[in-house]
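Chain by chain, the residues:
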Amino acid sequence: DVKVTQSSRYLVKRTGEKVFLECVQDMDHENMFWYRQDPGLGLRLIYFSYDVKMKEKGDIPEGYSVSREKKERFSLILESASTNQTSMYLCASSSDRPGADTQYFGPGTRLTVL
Amino acid sequence: DQQVKQNSPSLSVQEGRISILNCDYTNSMFDYFLWYKKYPAEGPTFLISISSIKDKNEDGRFTVFLNKSAKHLSLHIVPSQPGDSAVYFCAAAFNKFYFGSGTKLNVKP
C-alpha cells in the first residue's frame, strides 16, 4: 500500500511567520504534488516535482515555494504566512505522469493563519 | 478559469437507489479522467478512472461514463449505501491533473 504522510494534521500560525509543511512518501514515486483545497474551488495545484531538485509552478504558486532534496520528501514553504493562506493543504505522489497513473494523497494539513 | 466543473455542490439520495454525479470539462486534450472520494479530515482516495479511448468503465457498484462529444463525465453508484456519503471530486489529466470543485453526496438510510 502506498503511504503518503504529512508532518502535521492541524497547524496554527501567525501572519508573517515562515511555515514549513512536510510530505513523505514511501513508494519510491518520482512525482510529488502540493494542492490546497478550499470550499467551492476544489483542489488547486500549487507546485509539483517530477524529479529530485526539480520543481514546477502549478496554478497558484504565489506566496509559496518548495524544496525536494530527496526523492521521498517534498516540502511546501510559506515564506511569510498570510490569512488568505488559511486552507487545507494536500500532498500527493504518483509513479508516473498524469494520464498514466493516479495520484495518492496524504491525509492533509489544516492550516490556520491568524 | 476552471477547466473541470462540477455544477452540483451537493446531492442527496436514498439508500439502495442510484447516485449520479456529473462533471463537465472544456479541454479536448484531456486523455484520462478520474473520480476521487474524500471523507472529512482525510485525503482524497482514488475510486475509478477512464481513458479517453473508452466510454465506460465499471468496478463493482461504481461505473464511470465518458461522453467526449459533450465533454461530460458521470459517476453512477448502484446501489448507494450510507458509507458512500462523502465528497466526490472528478479530475482530468493532460500533463497535470485538473480537479472539479466537488459534490457532497449524502446517502440517507
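The text that follows walks through the structure, step by step, so that each part is easy to find. (Residues numbered from 1 in each chain as written. Chains lettered and ligands numbered in written order. Predicted model: local features only at pLDDT ≥ 70, side-chain atom pairs only at ≥ 80, totals over all residues. Heavy atoms only, no water.)

1. With respect to the overall build of chain B
Alright, step 1. Looking only at helices and strands, chain B has 0 helices and 11 strands in total.
Alright, step 2. Moving toward the C terminus, one meets the helices and strands of chain B in the order β-β-β-β-β-β-β-β-β-β-β.
Alright, step 3. For chain B, whose C-alpha radius of gyration is 13 Å, the value lies close to the compact-globule estimate of 13 Å for 109 residues.
Alright, step 4. Taking the principal axes of its C-alpha atoms as reference, chain B extends roughly 40 × 25 × 20 Å.
Alright, step 5. Looking at chain B as a whole, 47% of its 109 residues qualify as buried.
Alright, step 6. Long-range contacts, defined here as pairs at least 24 residues apart, represent 52% of the contacts in chain B between residues at least 6 apart.
Alright, step 7. Of the side chains in chain B, 12 bear a positive and 9 a negative charge, and the two mean positions are spaced by 3 Å. (Helix = DSSP H or I, 4+ residues; strand = E, 2+ residues; numbered from the N terminus. Rg over C-alpha atoms; globule rule 2.2 N^0.38 Å. Buried < 20%, exposed > 50% of the residue type's maximum accessible area, 1.4 Å probe, protein only. Contact = heavy atoms within 4.5 Å. Lys, Arg positive; Asp, Glu negative; His and termini not counted. Charge placed at Lys NZ, Arg CZ, Asp CG, Glu CD.)

2. Focus: the sheet that holds strand 8 (residues 73-78) of chain A
All names here are of chain A.
Alright, step 1. Across the sheet, which stays open at both edges, the 4 strands sit in the order 1-3-8-7 with antiparallel pairing between neighbours. Two strands in the sheet have a free side with no partner beyond their single neighbour: strand 1 (4-6) and strand 7 (64-70). Strand-to-strand twist in this sheet, taken as the mean axis angle between neighbours without regard to direction, amounts to 20 degrees.
Alright, step 2. Relative to strand 8, strand 3 (residues 19-25) is paired through 6 bridges, and the arrangement is antiparallel. The residue bridging Glu22 from the neighbouring strand is Ser75, located in strand 8. (Pairing = 2+ DSSP bridges. Axes fitted to C-alpha atoms, helices over the stretch in contact; angles between N-to-C directions.)

3. Some words on the side chain of Ser87 of chain A
Residues and elements named next belong to chain A.
Alright, step 1. Following the sequence through the fold, Ser87 ends up in strand 9 (residues 87-94).
Alright, step 2. Relative accessible area serves as the criterion here: at 3%, Ser87 is assigned to the buried category.
Alright, step 3. At 3.4 Å, the side chain of Ser87 forms a polar contact with the side chain of Arg36.
Alright, step 4. A polar contact is formed between the side chain of Ser87 and the backbone oxygen of Gln37, at a distance of 3.1 Å.
Alright, step 5. Ignoring anything within four residues of it in the chain, the contact list for Ser87 reads Arg36, Gln37, Asp38, Thr109, Arg110 and Leu111. (Polar contact = N/O pair within 3.5 Å; in protein donor to acceptor, adjacent residues only side chain to side chain.)

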